[in-house]
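Close look at the chain arrangement
Residues per chain, in single letters:
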Amino acid sequence: MAWVKAEYAPELAVLSTWISMLLPWSVAYHAKGPLGSVLVFVRFSVFELQLRFPSQITFEGVPLDVAQALNQVYSGVQIGGNVYVALPPTAALDYGGSLALANGIWTVAALLLLIAFVLSLAVYTDESRAERLPYPYPRLAGALLGGSTVVLALAAVLMAIERGTVGFPIPVGVLVMGALSFVLLRVDIVADGGPASE
């Protein structure tokens, strides 16, 4: 039994790709950050949004610059107030150990998602482009999202190893992306003028 009508499969593939790009793949809350600071990490497909709440520490009556200490520990560029943005390739270079590997792996997933997104834009602007692809577009999008799901799940596991630094990642978006990928890989494909094929 098909979960979506075959003639709507390309539209579902475009929508699934856009949802995967916009939905955070991981969220982490870290209440025991350096020097008692609190951090929230929201990881989207191609960037990480960090909310840093530095603690207030004084040493012999002199306040310490905890925000500067956090800059030494975490990758990212301040975009306003306590909000920072980090990109996975630069984070892979800034961190060491499991975090460097996790961000390197995330970079691979980001590239897969960018390919899927560019492909979805091409199909959205001109649906006839889907017919020129070597494989049915919904299956191709499903494979790209599925590959991203597996890679991001591995990145989440590696980040969980370093939960003392970045908190425990909750891969909500990975589950949604995996479900969308499964649906796209199982959808019936309509041939030109013919019946749906598996």
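See above for the structure.
Just so you know, these numbers come straight off a predicted model, no measurement behind them.

1. What about the environment of Val-42?
Summarising the element assignment, Val-42 is placed in strand β2 (residues 38–43). Taking the C-alpha atoms as reference, Val-42 lies 26 Å from Val-183; in sequence the two are 141 residues apart. If sequence neighbours within four positions are ignored, Val-42 has contacts with Pro-24, Ser-26, Val-27, Phe-47, Glu-48 and Leu-49.

2. Remarks on the packing of aromatic side chains
Under the definition given, this model contains four aromatic pairs. Their ring planes at 70 degrees and their centres at 5.4 Å tell us that Trp-25 and Trp-106 sit as a pair that is edge-to-face. A residue pair is termed long-range when its members are at least 10 positions apart, and Trp-25 in the loop between α1 (9–22) and β1 (26–30) and Trp-106 in helix α4 (residues 97–125) qualify at 81 residues. Taking the relative accessible area as the measure of exposure, Trp-106 reaches 0% and is therefore buried. For the pair Phe-41 and Tyr-74, a centre-to-centre distance of 5.6 Å together with 50 degrees between the ring planes defines the contact as tilted. Taken as a pair, Phe-41 in strand β2 and Tyr-74 in the loop between α2 (66–73) and β6 (77–80) lie far apart in primary sequence, 33 residues in all. We classify Tyr-74 as buried; its relative accessible area is 3%.

Criteria and thresholds
- Residues numbered from 1 in each chain as written.
- Predicted model: local features only at pLDDT ≥ 70, side-chain atom pairs only at ≥ 80, totals over all residues.
- Heavy atoms only, no water.
- Helix = DSSP H or I, 4+ residues; strand = E, 2+ residues; numbered from the N terminus.
- Contact = heavy atoms within 4.5 Å.
- Phe/Tyr/Trp six-rings, centres within 6.5 Å; stacked < 30°, edge-to-face > 60°.
- Buried < 20%, exposed > 50% of the residue type's maximum accessible area, 1.4 Å probe, protein only.

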